[in-house]
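Structural characterization, general
Residue-level listing of the chains:
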Amino acid sequence: MAEKEQKDLKKEDGFKKSKPDFKNKRFNKKEREDSDIDKRSICVRRVTKVVKGGKTMHFSVSMVVGDHKGKIGFGSGKAADVTMANDKAYQNAKKHMVAIPVVDGTIPHEVKGKFGKSTVLLMPASDGVGIVCGGPVRSVAELVGIKNLVSKSYGSRNKINVVKATLNGLLSLKTKEQVAALRGKAVEEI
């Protein structure tokens, strides 16, 4: 009898014993990291493979991801469905993220990137110029966080090769501090 009375009192007071809801109060670390990363699809291709019974169709997706703070990654994925290929490309690109030096919203110096027969010339620009680049180079520059850049593509205009050439060029960039450290001198001496 005493237990029933206690239960009734608890119901009347509005006291309800339940587990605390941590999902609303805390943010999962992976979700927080993913929210910072922006993604752009470079190209979606339908590819087929000839097998004994006929042709099997798949989709190949190439994607660039970046955090607008100097980190960028490129990846590709293939699957029977476009959404699955998109997810694979996103995970692959996230896994291969690298840091790029960005100085005052542009690159530290002029650089040429090459991949295959594609060559991309990247030149720093002053404030207010914006990103004067072709489609694939523009996607990479925006996702890195570069605000002012001028570029010119030579040779093959294949989107995937142009992105890889751009990334090769950006990876070869060095800041004044890095050059000074390599030469064993102070930054002012250079």
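As a convention, each chain's residues are numbered from 1 in the sequence order in which they are written. Two thresholds apply to this predicted model, a pLDDT of at least 70 for residue-level local features and 80 or more for giving and counting side-chain atom pairs, whereas whole-chain, interface and lining totals are computed over all residues. Only hydrogens and water are removed before side-chain values are computed, so all heavy atoms of the structure are retained for them.

This brings us to the overall build of the protein. On a plain count of helices and strands, the protein comes out with seven helices and eight strands. For the protein, buried positions account for 34% of its 190 residues. Any two residues whose heavy atoms approach within 4.5 Å are treated as being in contact. Intrachain contacts of the protein at a sequence separation of at least 6 include 54% that bridge at least 24 residues. All accessible-area figures derive from a Shrake-Rupley calculation using a 1.4 Å probe, and residue coverage is judged against the displayed protein chains alone. Carbon and sulfur atoms provide 51% of the accessible area of the protein, an area that totals close to 13,000 Å². Numbering goes from the N terminus for both helices and strands, where a helix is a DSSP run of H or I of at least four residues and a strand is a run of E of at least two. Burial classification: accessible surface area is computed with a 1.4 Å probe over protein chains only, and a residue below 20% of its type maximum counts as buried, one above 50% as exposed, and the rest as partly exposed.

Two quantities define a packed helix pair, namely the angle between the axes and the distance from one axis to the other. Where helices are involved, their axes are fitted lines through C-alpha atoms of the stretch in contact, as for all axes, and angles between N-to-C directions lie from 0 to 180°. Following both chains from N to C, one finds helix H5 (residues 135-144) and helix H6 (residues 159-171) inclined at 40°, their axes separated by 8 Å at the closest point. As summarised for this structure, H5 and H6 are arranged oblique, according to the angle between their axes. The two elements H5 and H6 meet at a crossing, and its hand is right-handed. Across the interface between the two elements, Pro136, Val137, Val140 and Val144 of H5 pack against Lys159, Val162, Val163, Thr166, Leu167 and Leu170 of H6. Put simply, Ala, Val, Leu, Ile, Met, Phe, Trp, Tyr, Cys and Pro go in the nonpolar bin, Asp, Glu, Lys and Arg in the charged bin, and everything else, Gly too, in the polar bin. Considering only residue class, the contact of H5 with H6 consists of eight nonpolar, one polar and one charged. Any angle between 65 and 115 degrees counts as roughly perpendicular, while under 35 counts as roughly parallel, over 145 as roughly antiparallel, and the rest as oblique. Here a crossing is taken to be left-handed if its near helix is turned anticlockwise relative to the far helix by less than a right angle, and right-handed if that turn runs clockwise.

Note on pairing: two strands pair once DSSP finds at least 2 bridges between them. The strand order S5-S6-S8-S7 describes an open sheet built from four strands, whose pairing is mixed. The outermost strands of the open sheet, each flanked by one partner alone, are strand S5 (111-115) and strand S7 (131-132). Sheet topology places S5 next to strand S6 (residues 118-124); five bridges connect them, and they run antiparallel. When the bridges of S6 are listed, Val111 appears paired with Leu122. H6 contacts S5, S6 and strand S8 (149-155) of the sheet and is inclined by roughly 135° relative to S5.

Before going further, it helps to spend a moment on the pairing of S8. Summarising the sheet, S6 and S8 pair through seven bridges and their orientation is antiparallel. Residue Pro124 lies in a different strand from S8, and its bridge partner there is Leu149.

Taking 1.5 Å as the rise per residue, helix H4 (residues 82-95) with 14 residues should run 20 Å; its terminal C-alpha atoms sit 20 Å apart, in good agreement. Those residues of H4 lying buried are Ala85, Ala89, Tyr90 and Ala93. Within H4, the buried residues cover an arc of 140° as seen down the axis, which keeps them to one side. Any helix carries an expected span of 1.5 Å times its number of residues minus one. Comment: arc refers to directions from the helix axis out to C-beta atoms.

Turning next to the packing of aromatic side chains. For this analysis, a ring pair means two rings from Phe, Tyr or Trp (six-membered ring only for Trp) whose centres lie within 6.5 Å, classed as stacked if their planes differ by under 30 degrees, edge-to-face if by over 60, and tilted for the remaining angles. All told, the structure shown has zero aromatic pairs when counted by the stated rule. Only when the NZ of Lys or the CZ of Arg is both within 6 Å of the ring centre and within 35 degrees of the ring normal is a charge said to sit over the ring. Note that Lys39 overlies the ring of Tyr90, its terminal NZ or CZ placed 4.8 Å from the centroid.

Attention shifts here to the nonpolar core. If you look at the biggest cluster of nonpolar residues, it comprises 26 residues, and the most contacted ones within it are Val64, Ile72, Leu122, Val140 and Leu170. Broken down by secondary-structure element, the contributors of at least two residues to this core are strand S1 (38-51), strand S3 (71-79), S6, H5 and H6. Here the element with the most residues in this core is H6; it accounts for six residues. If we skip the residues at most four places from it in the chain, Leu170 touches Ile100, Pro101, Ile107, Leu122, Val140, Val144 and Ile146. Residues belong to a common nonpolar core when they are buried Ala, Val, Leu, Ile, Met, Phe, Trp, Tyr or Cys residues joined through side-chain atoms within 4.5 Å. Of all hydrophobic cores here, the second largest spans nine residues; its members include Ile37, Ala85, Tyr90 and Ala93.

Before going further, it helps to spend a moment on the sheet that holds strand S4 (residues 98-99). The strand order across the open sheet formed by four strands is S1-S2-S3-S4, and the pairing between neighbours is antiparallel. Looking at strand neighbours, the two that pair on one side only are S1 and S4, the edges of this open sheet. Pairing of S3 with S4 involves two bridges; the strand directions are antiparallel. Residue pairing for S4: Ile72 is matched across the bridge by Val98.

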